[in-house]
Amino acid sequence: MKWTNQAWEKIQPIYDSILQMPFIQELQNGTLALDKFQFYMQQDSKYLEHYGRALAALGAKAKDNQMALDFFEFGKNALIVESALHASYFEEFGLQPHAEIPMEPVCHHYVHYLKSTVAYDPIEVAVAAILPCFWIYQEVGNYILQKETANNPYQKWIDTYSSEEFAEGVRKAQYYADLMADNTTEALRKQMFEAFVKASQLEFQFWNAAYTNRIW
Ligand SMILES: Cc1ncc(CN)c(N)n1
């Protein structure tokens, strides 16, 4: 079985609880309170600034040029495509400019977990750590799309993460995770699973923080 299939089995309970979260349920039916979405968007714009850089740093560690280019492209997309989605919501909902937003605890922890993993852990583990960010968003986007609600104010978010463009990036990131896993040791494959599970838990916590207004 591919490493990615095994990894998903390990996070299935986390993913199931993500789908049951009030944040996701209410995003799906369009009833999510604006202040909770605002909290999420503001934290997420900070997250993406750092995530984009973590992806580029991971690319810089790649031995293969194509892998480096793919990760630079992922970083660019985080900063351009996903940030454009945020900018449109910032305008629509009249949110504070990025510079004035402090990173709250979960965002801070997730960003620094990814950056330190990329900086200090083997590249295999870093690839596993960045994967839930792609894969869980795609799955959640597709899940929400199945039960679409008319005039959902959060439709642009749903469209971004259920798009073919986003799916292509997910497939590439999964490909690199499997490639790394196939060419490494059992001990490192285990560390890769741990990183994949940890980042998935942080994805849950990120939405939970927005719903419960978790601040310092
Ligand atoms: C916290 C978080 N995780 C994942 C994604 C999707 N790249 C995101 N925008 N924000």
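The coordinates are above.
Since this is a predicted model, take the numbers as computed values, not measurements.

Running from N to C, helix α3 (residues 34–61) and helix α4 (residues 65–93) point in directions that differ by 160°, and their axes come no closer than 8 Å. As the angle between them shows, α3 and α4 are arranged roughly antiparallel. With respect to the hand of their crossing, α3 and α4 are arranged in left-handed fashion. Class assignment for the residues of the contact of α3 with α4 results in 19 nonpolar, 8 polar and 4 charged.

With that out of the way, let us pick up the environment of lysine 115. With respect to the helices and strands, lysine 115 occurs in helix α5 (residues 105–120). Along the sequence, lysine 115 and alanine 54 sit 61 residues apart, while their C-alpha atoms lie 5.6 Å from each other. Residues in contact with lysine 115, not counting those within four places in the same chain, are His50 and Ala54.

Around the ligand, the structure places Asp44, Tyr47, Leu48, Glu82, Cys133, Tyr137, Tyr161, Glu203 and Phe206. Between the ligand and the protein, one listed contact pairs a nitrogen atom with a side-chain N or O atom of tyrosine 137 at 3.2 Å. Interatomic distance of 3.2 Å between a side-chain N/O atom of tyrosine 161 and a nitrogen atom of the ligand. When the ligand is considered free in solution it has 290 Å² of accessible area, and contact with the protein chains removes 100% of it. For the shell around the ligand, the secondary structure elements donating two or more residues are α3, α6 (123–146) and α9 (186–212). Of the residues forming the shell around the ligand, the biggest block, 3 residues, is contributed by α3. Residue composition of the shell around the ligand, grouped by class: 6 nonpolar, no polar and 3 charged.

Attention shifts here to the nonpolar core. Counting 81 residues, the largest nonpolar core has Trp157 and Trp207 as its most contacted members. Top element by residues in this core is α6. It accounts for 16 residues.

With that settled, the discussion passes to the side chain of threonine 184. Inspection of the secondary structure puts threonine 184 in the loop between α8 (164–182) and α9. Using a relative accessible area of 16% as the deciding quantity, one classes threonine 184 as buried. With near-sequence residues (within four places) excluded, threonine 184 lies in contact with Glu124, Arg189 and Met192.

Take the packing of aromatic side chains next. With the rule as written, the count across this model stands at 25 aromatic pairs. Summarising the aromatic geometry, the rings of phenylalanine 134 and phenylalanine 166 are spaced 6.3 Å apart at their centres and angled 25° between planes, so their arrangement reads as stacked. On the criterion of sequence distance, the pair formed by phenylalanine 134 in helix α6 and phenylalanine 166 in helix α8 is long-range, its members being 32 residues apart. Note on phenylalanine 166: relative accessible area 13%, which makes it buried. Cation over ring: lysine 10 sits above phenylalanine 193, and NZ or CZ is 4.6 Å from the ring centre. A cation over a ring is seen here: lysine 36 above tyrosine 211, with NZ or CZ 4.5 Å from the ring centre.

Bringing the packing of α4 against α8 into the picture now. It is the contact of α4 with α8, at a shortest axis distance of 11 Å, that shows an interaxial angle of 145°. Crossing angle aside, the handedness with which α4 passes α8 is left-handed. Each of Gln66, Met67, Asp70, Phe71, Phe74, Val81 and Glu82 in α4 lies in contact with α8, whose residues at this interface are Glu165, Phe166, Gly169, Lys172, Ala173, Tyr176 and Met180.

Calculation notes
- The numbers attached to residues start from 1 for each chain and follow its sequence in the written order.
- Local features are withheld for residues below a pLDDT of 70 in this predicted model, meaning they are given only at 70 or higher, and side-chain atom pairs are given and counted only at 80 or more; totals for whole chains, interfaces and linings count all residues.
- Excluded from the side-chain calculations are hydrogens and water; all other atoms, namely the structure's heavy atoms, are used.
- All axes are obtained by fitting lines to C-alpha atoms, using only the stretch in contact for helices, and the reported angles, taken between N-to-C directions, cover 0 to 180 degrees.
- Numbering goes from the N terminus for both helices and strands, where a helix is a DSSP run of H or I of at least four residues and a strand is a run of E of at least two.
- For classification purposes, angles smaller than 35 degrees are called roughly parallel, those larger than 145 roughly antiparallel, those between 65 and 115 roughly perpendicular, and all remaining angles oblique.
- Left-handed describes a crossing whose near helix is turned anticlockwise from the far helix through less than a right angle; right-handed describes the clockwise counterpart.
- Classes in brief: Ala, Val, Leu, Ile, Met, Phe, Trp, Tyr, Cys and Pro nonpolar; Asp, Glu, Lys and Arg charged; the others, Gly included, polar.
- The contact rule is simple, with two residues in contact once any of their heavy atoms fall within 4.5 Å.
- Here a residue is near a molecule or strand as soon as one of its heavy atoms is found within 4 Å of it.
- Pairing of N or O atoms within 3.5 Å defines a polar contact, subject to two protein rules: one partner must be a possible hydrogen donor and the other a possible acceptor, and residues neighboring in sequence count only if both atoms are side-chain atoms.
- Here the open area of atoms and residues is found with the Shrake-Rupley method and a 1.4 Å probe, where only the protein chains shown may cover a residue.
- For this analysis, a nonpolar core means a set of buried residues of the types Ala, Val, Leu, Ile, Met, Phe, Trp, Tyr and Cys, connected via side-chain atoms within 4.5 Å.
- Residue burial is assigned from relative accessible area. The probe radius is 1.4 Å, only protein chains are included, and a residue is buried under 20% of its type maximum, exposed over 50%, and partly exposed in between.
- The criterion for an aromatic pair is that two Phe, Tyr or Trp rings (for Trp, the six-membered ring) have centres within 6.5 Å, with stacked assigned to planes under 30 degrees apart, edge-to-face to planes over 60 apart and tilted to the rest.
- Each ring is checked for a lysine NZ or an arginine CZ that lies within 6 Å of its centre and within 35 degrees of its normal; such an atom marks a charge sitting over the ring.

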